[in-house]
Protein chains: 2
Amino acid sequence: MSNAKAQVLIVEDEPEIAELIEFHAERAGMRARKVHSGRIAIDVIKREKPDLIVLDLMLPDLDGLEVCRKLKQGEDTRSIPIVMVSAKGEESDVVAGIELGADDYVTKPFSPRVLMARLRNVLRRAGVANDPPPTTDRMILLEGKLVVDLDRHEVTAAGKKIDLTLTEFGILHYLASRPGFVRTRDQIIGSVHGKNTVLSSRTVDVHITALRRKLGALADCVETVRGVGYRFSEGATEAE
Amino acid sequence: MSNAKAQVLIVEDEPEIAELIEFHAERAGMRARKVHSGRIAIDVIKREKPDLIVLDLMLPDLDGLEVCRKLKQGEDTRSIPIVMVSAKGEESDVVAGIELGADDYVTKPFSPRVLMARLRNVLRRAGVANDPPPTTDRMILLEGKLVVDLDRHEVTAAGKKIDLTLTEFGILHYLASRPGFVRTRDQIIGSVHGKNTVLSSRTVDVHITALRRKLGALADCVETVRGVGYRFSEGATEAE
DNA sequence: CGGAGTCTTCACCCTTTCTTCACAGTACTC
DNA sequence: GAGTACTGTGAAGAAAGGGTGAAGACTCCG
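Residues numbered from 1 in each chain as written. Chains lettered and ligands numbered in written order. Predicted model: local features only at pLDDT ≥ 70, side-chain atom pairs only at ≥ 80, totals over all residues.

Trainee: I'd like a description of the protein's contact with DNA strand D, backed by residues and values.
Mentor: Taken together, 18 residues surround DNA strand D, and among them D205(A), T209(A), D205(B), T209(B) and T224(B) come closest. Counting residues per element, the ones that place at least two in the surface near DNA strand D are α8 (202-215) of chain A together with α8 (202-215) of chain B. Grouping the constituent residues of the surface near DNA strand D by class yields four nonpolar, six polar and eight charged. (Near = placed C-beta within 6 Å. Helix = DSSP H or I, 4+ residues; strand = E, 2+ residues; numbered from the N terminus. Nonpolar A, V, L, I, M, F, W, Y, C, P; charged D, E, K, R; others polar.)

This is how it looks when you write it as structure tokens:
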């Protein structure tokens, strides 16, 4: 299993949609390429053998189903997983596509998150490795609201510099590095101190309280998920 | 995913019933084989690995439940889906069977159409989600209607985020991870708390009620299976 | 050694959630 | 169509989870 990025081919004639998919695919650590026609797709696929194909059903020249069929006939392209994209009301085509061997599908309009989840699932099933999006950034920026700068070790919220203790900084950085993801108290402790630190999990609460107080107006960004842990509110990440 | 006909094994001691099932299964494009005893069934299943087992609970030698248990113990037979056939008044056996891992059931006397619809459903599910027991996906996606995101610990129904308590989230996740599969109250309790939790099974009803209320328009997705438990509806299920 | 700043734990209180109970409502049987 | 069995649901008490102030411990520094 390679460590390389997964290669994704996007077959979609509407440029906006294609770019939307491309953007999110790359953000998820895949290498994306887009083509706008069925014939070109077949050609590119035969040459480049991508790891995954995102295939719109409605194409100007060669129908998506037709593309699918041709790929499944080709000895060397048969095993490439296909995720179909269809407009609502093309259910029968979706069924046909699945029967032809497509692996999954999404219906337009789709949320980027849903699409990416499907792509990841299909890739995983196919055994293709995909590098997780590396969060090695030295700086986290969120909509101009919050800046977490690892180099300077300093946090700016709503334009004002905030003075955080080491632990608070660590927690905020950990949470903000994956906005929306819930972290358990144990995970938070582990991220700040070593893995196998034994600490009362309530300790985290205290730091969170302090953090919120210092964040002032942005206190809401640190959300409590009752019974689970905490997460950094996504606020305005991607649009649907 | 093979294109061949689905292989169905009918375990049924009454010849008339067995033939009835066989007839309809073959008419539906499956390849059917029937055996009349539990012991023989185990033997045949181990050798032939059918795609689906139709299992009568009342058998002369080895009880249907016993067959079910043995199959679920075998590494290589565990994932073969089972549809149980039971006579009226064997509800407790049905519950036991489902807890053992059977996937669905029909009650005698059954209409062939109902039975075949169930078989088709189970086959389709098994074909799509070929993973053995648990869906390890961090995200469950259902037709754009419902998104259960484990990482974010968040549920989106028909595009809107909904706020669920921990227990409700757990129940929904459990049910939705296997759409169409019936789950007993005990299974549901076990999935949320530990296995050997002692709770009034009626507690589940209360959570289901709350869950349905919060799901709004999607409330119908949580179906009651009278006498057995609950299941997540697949939307386009069968008609009677 | 003393003090400042930080981290951890504890205790208390409030809120949310869970569970149970009781009764109403509904499906199924005879 | 009456009786039975099962499910839906409101209400209330019990339990759990989380916020927060305060106290002690620890570290680093002068």
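Trainee: Just give me the short version of the packing of helix α6 (residues 166-176) of chain B against helix α7 (residues 185-192) of chain B, but keep the residues and values in it.
Mentor: Residues and elements named next belong to chain B. Remark: α6 packs on α7, axes separated minimally by 9 Å, with the N-to-C direction vectors making an angle of 120 degrees. Taken together, α6 and α7 sit at an angle that is classed as oblique. Between α6 and α7 the crossing geometry is right-handed. Side by side, α6 and α7 meet where T167, G170, I171 and Y174 of the first sit next to I188, S191 and V192 of the second. Of the residues assigned to the contact of α6 with α7, the class counts are four nonpolar, three polar and no charged. (Axes fitted to C-alpha atoms, helices over the stretch in contact; angles between N-to-C directions. Parallel < 35°, antiparallel > 145°, perpendicular 65-115°, else oblique. Left-handed = near helix turned anticlockwise from the far one by under 90°. Contact = placed C-beta atoms within 7 Å.)

Trainee: Help me get a handle on the nonpolar core, residues and values and all.
Mentor: Within soluble globular proteins, side chains that are nonpolar tend to cluster in buried spots. Counting residues in each nonpolar core, the largest one holds 63 residues, and the members touching the most others are L55(A) and V83(A). Per element, the largest residue contribution to this core is six residues, and it comes from helix α5 (residues 112-126) of chain A. In this structure, L55(A) is in contact with V11(A), G64(A), V67(A), C68(A), I82(A), V83(A), M84(A) and V85(A), ignoring residues within four places of it in sequence. Counting residues in hydrophobic clusters, the runner-up holds 38 residues, among them L57(B), L59(B), V95(B) and F181(B). (Core = buried A, V, L, I, M, F, W, Y, C linked by C-beta atoms within 7 Å. Buried ≥ 20, exposed ≤ 12 C-beta atoms within 10 Å, placed from the backbone.)

Trainee: Lay out the interface of chain B and chain A with the relevant residues and their values.
Mentor: Taken together, the nine residues of chain B in the interface contact 13 residues of chain A. When its residues are assigned to classes, the side of chain B that touches chain A shows four nonpolar, two polar and three charged.

Trainee: Residues and numbers for the confidence of the model for chain A, please.
Mentor: Confidence along chain A averages 83 in pLDDT terms, with 88% of residues attaining 70 or more. For the stretch residues 236-240 of chain A, pLDDT sits under 50, and the model shows five contacts to residues farther than four places along the chain or on other chains. (pLDDT = per-residue confidence, 0-100.)

Trainee: Residue-level account of the packing of helix α2 (residues 38-48) of chain A against helix α3 (residues 64-73) of chain A, with values.
Mentor: Residue and element names in this part refer to chain A. Two numbers describe how α2 lies on α3: the axes approach to 10 Å, and their chain directions differ by 25 degrees. The angle between the axes of α2 and α3 places the two elements in the roughly parallel class. In the packing of α2 onto α3, the handedness of the crossing is right-handed. In contact with G38, A41, I42 and I45 of α2, α3 contributes G64, E66, V67, K70 and L71. By residue class, the composition of the contact of α2 with α3 is five nonpolar, two polar and two charged.

Trainee: Account for the protein's contact with DNA strand C, naming residues and giving values.
Mentor: Inspection of the region around DNA strand C gives 23 residues, with T165(A), S200(A), T165(B), T167(B) and S200(B) positioned closest. Here the surface near DNA strand C is composed, by residue class, of six nonpolar, ten polar and seven charged.

Trainee: How would you explain the environment of F23(B) if you had to name every residue and give the values?
Mentor: All names here are of chain B. Counting through the fold element by element, F23 comes out in helix α1 (residues 15-27). On the basis of neighbour count, F23 is assigned to the exposed category, with 12 C-beta atoms found within 10 Å. Once the C-alpha coordinates of F23 and A117 are considered, the two residues, 94 residues apart in sequence, prove to be 14 Å apart.

Trainee: Give a detailed account of the sheet that holds strand β1 (residues 7-11) of chain B, specifying residues and quantitative values.
Mentor: All names here are of chain B. Overall, parallel pairing links the five strands, which are arranged β2-β1-β3-β4-β5 in an open sheet. On the outer flanks of this sheet lie β2 (31-35) and β5 (104-108), each paired with one strand and no other. Direction aside, the axes of adjacent strands within the sheet are offset by 20 degrees on average. The sheet strands contacting helix α4 (residues 91-100) are β4 (82-87) and β5, and the helix crosses β4 at an angle near 170 degrees. (Pairing = 2+ DSSP bridges.)

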